[in-house]
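# Structure assessment
Letter by letter, the chains look like this.
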Amino acid sequence: MLFRSQAYEYPNEVGQSMKELAESVTNLDPDETNRLAELLISQLAQE
């Protein structure tokens, strides 16, 4: 299954990380935001 963000399609794992990152930003959790941002960057670098 793919996660679609505007004109891009991402593997499900990347899409899940994007959703979790958005939630951590919304919840104002800086530690979790940093952790998830680093995870997402590494996942996107593999694509």
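The model shown is predicted, which means the values in this text are computed figures rather than measured ones.

### Quick look at the confidence of the model for the protein
Residues of the protein with pLDDT of at least 70 account for 81%, and the chain-wide mean is 83. Put simply, strand 1 (residues 2-5) is where the protein has its lowest mean pLDDT, 52, and helix 2 (residues 30-46) is where it has its highest, 92.

### What about the packing of helix 1 (residues 12-26) against helix 2?
Axis separation between helix 1 and helix 2 bottoms out at 9 Å; the angle between their running directions is 155°. Taken as axis vectors, helix 1 and helix 2 run roughly antiparallel relative to one another. Pair helix 1 / helix 2 crosses with left-handed handedness. Contact residues: helix 1 offers Glu13, Val14, Ser17, Met18, Glu20, Leu21, Ser24 and Val25, while helix 2 offers Glu32, Thr33, Leu36, Ala37, Leu39, Leu40, Gln43 and Leu44.

### Re the pattern of salt bridges
Overall, the coordinates contain 1 salt bridge when judged by the stated rule. As a salt-bridge pair, arginine 35 and glutamate 32 come within 2.8 Å of each other at their nearest N and O atoms. Here glutamate 32 and arginine 35 lie together in helix 2, a separation of 3 residues that amounts to about one turn.

Rules used in this analysis
- Residues numbered from 1 in each chain as written.
- Predicted model: local features only at pLDDT ≥ 70, side-chain atom pairs only at ≥ 80, totals over all residues.
- Heavy atoms only, no water.
- pLDDT = per-residue confidence, 0-100.
- Helix = DSSP H or I, 4+ residues; strand = E, 2+ residues; numbered from the N terminus.
- Axes fitted to C-alpha atoms, helices over the stretch in contact; angles between N-to-C directions.
- Parallel < 35°, antiparallel > 145°, perpendicular 65-115°, else oblique.
- Left-handed = near helix turned anticlockwise from the far one by under 90°.
- Contact = heavy atoms within 4.5 Å.
- Salt bridge = Lys/Arg side-chain N within 4 Å of Asp/Glu carboxyl O.

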